[in-house]
Amino acid sequence: MIAGAVLLLATGCKSALDKKIDKMIEQMTLEEKARIIVGTGNEGRWVSETAVGDMKDVVPGAAGTTCPIERLDIPFVILADGPAGVNIDSTREHEAGTFYCTHFPIGTVMSSTWNTELVENVGQSIGDEAMHYGVDVVLGPGMNIHRHPLNGRNFEYYSEDPLLTGKTAAAMIRGIQANGVGACPKHFAANNQETNRMGNDVQVSQRALREIYLKGFEIAVREGHPKTLMTSYNKINGVSVSERRDLVTEFLRDECGFDGVVMTDWYGGDHPEEQMKAGNDLIMPGQQWQMDSIVNAVNAGRLDIKYVDQSVRRILKLIYTSPRNEPGHTYDNHPDLKAHATVTRQSATEGMVLLKNEGQALPIAHSVKEVALFGCASYDFIAGGSGSGDVRRAYTVSMLEGLQNAGYSVDPILATRYNDFVKKSIAENLSKVTTRFADMVRIRPNEMPLSESEIAAQVQRADYAIITLGRTCGEYYDRPSSDFELTDVERAMMENVCRLFHAAGKKVVVVLNIGGVIETQSWKQLPDAILCAWQPGQEGGNSVADILSGRQNPSGKLPMTFPIALTDIGANANFPVDQTSENVSVASRRVDRGEKNVDFTRYDEGIYVGYRWFDSRQVEVAYPFGYGLSYTTFDYANVKVNQSSKNIKIAVDITNSGKTAGKEVVQLYVAAPGASMDKPAKELKAFAKTAELEPGQKETVELTVAVDDLCSFDENLNKWMLEPGTYKLMVASSSRDIRHTETINIR
Ligand code: GLC
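Nothing here was measured: the structure is a model prediction, and the numbers come from that model.

## Comments concerning the overall build of the protein
- If you tally the helices and strands in the protein, you get 20 helices and 25 strands.
- A total of 747 residues make up the protein; the buried ones form 63% of that total.
- Of the accessible surface of the protein, which amounts to about 26,700 Å², a share of 51% is contributed by carbon and sulfur atoms.
- Of the side chains in the protein, 77 bear a positive and 96 a negative charge, and the two mean positions are spaced by 3 Å.

As structure tokens, this is what we get:
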């Protein structure tokens, strides 16, 4: 009787979909199961080209598709990149019209806003665009830790800190998934360099893995509930992540509660049967030999069919709950690009970080009409990074256009000189590119040398000078160390423009149009103001002009540290800095030659990444984690701490004590007692952004930290441990601007 009841209960609570899937699995042959586990492939062509076969024209330019099984009338789904917007072809061979997508700000801009509500809103626009173009899964957010500034894909990622990473990712996932489109946080896990990314073995301690590299994914899964997730190319401690059951099943599913589809990165992993046993369900983009290997392994008794069925079940569930397969679903290929342009313009301004503003240089005084605009990036503005995280957008608003739209005038002769120089220099540089990834690397112009007389002429003509420094970066390659430094021409431009404009009592602002941190210590004393605009998407020029003109008050804060020198960074000794080795990151395998930082990378710095390193060792930095200025100031007062056995609540009154409306990001850092384990000087444990506060207006911000989140991972016991003792709570405006300190006791 009992068994029957249990069986009834079990089948009873099975949804109609589950029953349908059960039936399907019963009817599928082993070959059909292997077919749906392996994507429709793209024959080793670049990921920007779509799948082969009869799927390739469904959404041209999408990264991949699952395979339909006609015999059983099983449909398919379309997967497309990426973290900064839907990345598909903007024109089609067999269709008229254009299919432009909005290039939203890069991931680093999203985390720089510290505003999860805003991030969710951007995610919703991305998900909306995906829906209109028939894309069922967006392959984003990218959320690997900024372990080292030279990692080529940091622009796609969020932070050096796992909490800010996880919270931003969860918000992006919720946004993308708001209308049923799936998100795909990636790349799980510890994919922190591009050099030999498909073969590199990350040798990392359990504690660093748990506290730094997995923690963000844990938060993203628990608070974002992604429908899919992508494993990374690299190995961790000797085994490809997509083949590690302890990570893909035991950690991700059993511990964090992930219940969606795990897919490989494109061509990731080498042993399909191991990927099946690990719980990596979908192998993308898919090749014949992978199907054969699954069928052969089952027939040879090396792979239990239960693993195959489990993955098929998850994939079928994704297929049947994806937009295109909802009954009656249609899509029109006409998203509201105008509305999304407004979303990207506004969201980008909240992610810009004001690093310096001496003598109220910013916002530019209303009397200023003529501005002198220097730097190639002012005219050839960079919307985002290259590789799969790019977006085939309709336009990029340059600084020139943004300033003109805001009513400023720029010397047309200088503008023409720059535009001509940019075209020529790009053509020259393109002819010199030899790497295999030529079509992936965004070729930049050299900086245009400026004569003193030319600058002097601008001093006569303009009331104000703006210099833009540009840096691209992208998938497939890490940045050379030279990219971190200013070039001689850039330095000469900076020095001469500042000297001549200051001599005439006129101000200079520097705008950083970059995808990753650069050296600032050696020149930051020269200009009056510095605005880090990152790569803010296709409306970039307008977004920057909104800040410079004072239309928007900057409220971004740094999600990573600006170090003084690369050698100050803990990970620097164990990072492929200026590796000349062939970077065979795509679709090919490098023979393991045991080369340090290429075939294996030792994470010897452990948990000491970013400010955890700099602050624990009192290393001076150019700009600290969590730092960002505003056009106004904020007072912190009336801190109250309320401690229970489960969590600690901190309330603080934030008052706008300046003359301009603005938003403040309040950060809570904790210093834990380190009797049994070494602990970082501080760790971010909570943050919140105020609403826009008018001058004099006050908001009481409430931050909550779960007591469990104060634990450290004890490797010997292989579990999270809460150290008893006195904990320091630091309410802060940045990691090095502590406004109030309290202590609590944990027994
Ligand atoms: C790429 C990237 C991944 C992307 C995928 C599909 O190689 O590593 O982020 O989503 O392949 O383009």
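Back to the text.
## Considerations on the packing of aromatic side chains
- This model, assessed by the stated rule, comprises 15 aromatic pairs.
- Ring plane angle 85 degrees and centroid distance 5.2 Å describe the contact between Phe-188 and Phe-217, whose orientation is recorded as edge-to-face. Within this pair, whereas Phe-188 is found in the loop between α6 (162–176) and β4 (201–203), its partner Phe-217 is found in helix α8 (residues 215–224), the two being separated by 29 residues in sequence.
- On the basis of relative accessible area, Phe-188 is assigned to the buried category, the value being 0%.
- With relative accessibility at 2%, the residue Phe-217 sits in the buried group.
- Look at Tyr-379 and Tyr-418: their rings are 4.7 Å apart centre to centre, the planes differ by 15 degrees, and that puts the pair in the stacked class. Here Tyr-379 is found in helix α14 (residues 376–379), whereas its partner Tyr-418 is found in helix α16 (residues 412–432), with 39 residues between them in sequence.

## A word on α6
- With 15 residues, α6 should cover 21 Å at 1.5 Å per step; its first-to-last C-alpha distance of 21 Å lies within 8% of that length.
- Of all 15 residues that make up α6, 13 are buried, and the element is covered over most of its length.
- A distance of 2.8 Å separates the backbone nitrogen of Leu-163 from a side-chain oxygen at the start of α6, and that oxygen is part of Asp-161.

## With respect to the sheet that holds strand β15 (residues 600–602)
- Spatially, the four strands line up as an open sheet ordered β7-β6-β4-β15, and their pairing is mixed. With partners counted over all chains shown, the strands left at the sheet margins are β7 (239–240) and β15, one partner each.
- Note that strand β6 (residues 235–236) and β7 share two bridges and pair antiparallel. Among the inter-strand pairings, Lys-235 is bridged to a residue of β7, identified as Ser-240.

## Some thoughts on the sheet that holds strand β19 (residues 665–671)
- If you walk across this open sheet you meet the four strands as β20-β19-β24-β25, and the pairing is antiparallel. Strand pairing shows two members of the sheet lacking a second neighbour, β20 (683–689) and β25 (737–746), which therefore form its edges. Neighbour-to-neighbour, the strand axes of the sheet open up by a mean angle of 20 degrees, direction not taken into account.
- In this structure, strand β24 (residues 725–734) lies alongside β25, joined through nine bridges in antiparallel fashion. Bridge pairing in β25 places Gly-725 opposite Ile-746.

## As for the site of the ligand
- By nearness alone, 14 residues border the ligand, and Asp-81, Arg-153, His-187, Tyr-233 and Asp-265 come closest of all.
- Residue His-187 places a side-chain N or O atom 2.7 Å away from an oxygen atom belonging to the ligand.
- With respect to the ligand, the side chain of Asp-265 contributes an N or O atom lying 2.6 Å from an oxygen atom.
- Residue classes in the shell around the ligand are distributed as six nonpolar, two polar and six charged.

## Structural notes on the pattern of salt bridges
- If you walk through the whole model with that rule in mind, you get 49 salt bridges.
- The partner of Arg-302 in a salt bridge is Glu-273, with the nearest N and O atoms 3.1 Å apart. Of this pair, Arg-302 sits in the loop between α11 (288–299) and α12 (305–320) while Glu-273 sits in helix α10 (residues 272–278), placing them 29 residues apart in sequence.
- Residue Arg-302 is classed as partly exposed on the basis of its relative accessible area, which comes to 43%.
- The class for Glu-273 is buried, based on a relative accessible area of 13%.
- Across the salt bridge formed by Lys-277 and Glu-274, the nearest N and O atoms sit 3.6 Å from each other. Here Lys-277 pairs with Glu-274, and both are found in helix α10, just three residues apart, close to one helical turn.
- For Lys-277, a relative accessible area of 25% puts it in the partly exposed group.

## Remarks on the packing of helix α3 (residues 30–37) against α11
- Axis separation between α3 and α11 bottoms out at 9 Å; the angle between their running directions is 140 degrees. Looking at the two axes, α3 sits oblique to α11. Where α3 crosses over α11, the two elements pack in a sense that is right-handed. Residue-level inspection shows Leu-30, Glu-31, Ala-34, Arg-35 and Ile-37 of α3 in contact with α11, the latter providing Met-291, Ile-294, Val-295, Val-298 and Asn-299.
- When its residues are assigned to classes, the contact of α3 with α11 shows seven nonpolar, one polar and two charged.

## A word on the nonpolar core
- With 144 residues, the main nonpolar core has Phe-374, Ile-466, Leu-512, Leu-548 and Phe-562 as its most contacted residues.
- Residue-level mapping places this core at the junction of two domains, with at least three residues from each of domain 1 (2–325) and domain 2 (347–560).
- Sequence-distant contacts of Ile-466, defined by excluding residues within four places in its chain, comprise Ile-364, Val-371, Ala-372, Leu-373, Phe-374, Met-399, Leu-403, Val-509, Val-511 and Leu-548.
- Listed in part, the 43 residues of the second largest apolar core include Met-263, Tyr-267, Tyr-307 and Tyr-320.

## Notes on the domain arrangement of the protein
- For the protein, the assigned domains are domain 1 (2–325), domain 2 (347–560) and domain 3 (634–746).
- For domain 2 and domain 3, the distance between their C-alpha centres works out to 35 Å.
- Counting from both sides, the interface comprises four residues of domain 2 and, opposite them, nine residues of domain 3.
- For the interface between domain 2 and domain 3, the tally reads three salt bridges.
- A salt bridge links Glu-664 to Lys-557; its shortest N-O distance comes to 3.0 Å.
- If you look at where domain 2 meets domain 3, you find six residue pairs in polar contact (both at pLDDT 80 or more).
- Taken together, the residues of the side of domain 2 that touches domain 3 sort by class into no nonpolar, two polar and two charged.

## Side note on the environment of Arg-345
- With respect to the helices, strands and loops of the structure, Arg-345 is situated in helix α13 (residues 337–350).
- Put simply, Arg-345 and Asn-542 are 197 residues apart on the chain and 6.8 Å apart in space, counted from C-alpha to C-alpha.
- Not counting residues within four places of it along the chain, the set of residues in contact with Arg-345 comprises Glu-539, Asn-542, Ser-543, Asp-546 and Arg-551.

## Topic: unusual backbone geometry
- Geometrically, the link from Asp-81 to Gly-82 is a cis peptide bond, its omega value of 5 degrees lying close to zero.
- Topologically, Gly-82 is positioned in the loop between β2 (78–80) and α4 (107–113).
- The omega angle of the peptide bond from Leu-362 to Pro-363 is -5 degrees, so this bond is cis rather than trans.
- Positive phi values are uncommon outside glycine, yet Asp-73 reaches one of about 60 degrees.
- Among the structural elements, Asp-73 can be located in the loop between β1 (64–65) and β2.
- A residue is classified by how much of its surface remains accessible, and Asp-73, at 65% relative accessible area, is exposed.
- Even without being a glycine, Tyr-476 presents a positive backbone phi close to 90 degrees.
- Mapped onto the fold, Tyr-476 is located in the loop between β11 (464–470) and α18 (488–503).
- Its relative accessible area of 0% is what places Tyr-476 among the buried residues.

Cut-offs and rules
Residues numbered from 1 in each chain as written. Predicted model: local features only at pLDDT ≥ 70, side-chain atom pairs only at ≥ 80, totals over all residues. Heavy atoms only, no water. Helix = DSSP H or I, 4+ residues; strand = E, 2+ residues; numbered from the N terminus. Buried < 20%, exposed > 50% of the residue type's maximum accessible area, 1.4 Å probe, protein only. Areas by Shrake-Rupley, 256 points an atom, 1.4 Å probe, with all protein chains shown as cover. Lys, Arg positive; Asp, Glu negative; His and termini not counted. Charge placed at Lys NZ, Arg CZ, Asp CG, Glu CD. Phe/Tyr/Trp six-rings, centres within 6.5 Å; stacked < 30°, edge-to-face > 60°. Expected span 1.5 Å × (residues − 1). Polar contact = N/O pair within 3.5 Å; in protein donor to acceptor, adjacent residues only side chain to side chain. Pairing = 2+ DSSP bridges. Axes fitted to C-alpha atoms, helices over the stretch in contact; angles between N-to-C directions. Near = heavy atom within 4 Å. Nonpolar A, V, L, I, M, F, W, Y, C, P; charged D, E, K, R; others polar. Salt bridge = Lys/Arg side-chain N within 4 Å of Asp/Glu carboxyl O. Parallel < 35°, antiparallel > 145°, perpendicular 65-115°, else oblique. Left-handed = near helix turned anticlockwise from the far one by under 90°. Contact = heavy atoms within 4.5 Å. Core = buried A, V, L, I, M, F, W, Y, C linked by side-chain atoms within 4.5 Å. Domains from an automatic or database assignment.

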